[in-house]
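# Reading the structure
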Amino acid sequence: MYYSKEYVDRLCCRADIVAVIRCFMKLRRDRNGQRRYRALCPFHEEQTPSFLLSSTMQTYHCFGCGRHGGVIKFLEEHQEMSYHQAIQWLAKRCRFYQKQWRAIKKKEEKKK
C-alpha cells in the first residue's frame, strides 16, 4: 500500500511521540524543561538516562548511542516493524485512516 507524504506528515502531527513511546517504556520529565522527557535508552544498556524526548519537536535522541528520529522511526527500530506496519499501527492508535484523509483533502480542494 502506498502512503503519500502529506498523509504521513499529517498522521505524525496527530500522534504525540510522548504518548506513543510511553506505551513501551517508562519516561520521566526532564528537570530543564516541562516538555522534555528522559529515560534509559531502549537500544543499548546504560546506567544513567541518556534518551531524551522532546514533545515540542516530536523527536527523540540518545546521547549514548546516537539514535534519533521521529515516531515512525522509533516504531521501526524498537518494535522491529516495517515502515508500512508502523504507519498502520500509528493510524489505528490515532484513529486517522487514509479514507478520512482523502475526505479531508477533497473538502480542502473544494474550498479553493
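About the cut-offs
Residues numbered from 1 in each chain as written. Predicted model: local features only at pLDDT ≥ 70, side-chain atom pairs only at ≥ 80, totals over all residues. Heavy atoms only, no water. Buried < 20%, exposed > 50% of the residue type's maximum accessible area, 1.4 Å probe, protein only. Helix = DSSP H or I, 4+ residues; strand = E, 2+ residues; numbered from the N terminus. Pairing = 2+ DSSP bridges. Contact = heavy atoms within 4.5 Å. Axes fitted to C-alpha atoms, helices over the stretch in contact; angles between N-to-C directions.

At Gln58, a position not held by glycine, the phi torsion is positive, near 60°. By relative accessible area, Gln58 is classed as partly exposed at 24%. Backbone geometry places Arg95, a non-glycine residue, at a positive phi of 55°. Structurally, Arg95 is set in the loop between α4 (83-94) and α5 (98-111).

Strand order across the open sheet formed by five strands is β1-β2-β3-β4-β5, with antiparallel pairing between neighbours. Single-partner strands in this sheet number two, and they are β1 (28-29) and β5 (68-69). Sheet topology places strand β2 (residues 36-39) next to strand β3 (residues 51-54); four bridges connect them, and they run antiparallel. The partner of Arg36 across the bridge, within β3, is Ser54. Here helix α3 (residues 71-78) sits on the sheet and contacts β3, β4 (59-62) and β5; the angle it forms with β4, its principal contact strand, is near 50°.

In short, shape yes, function no, at least from these values alone.
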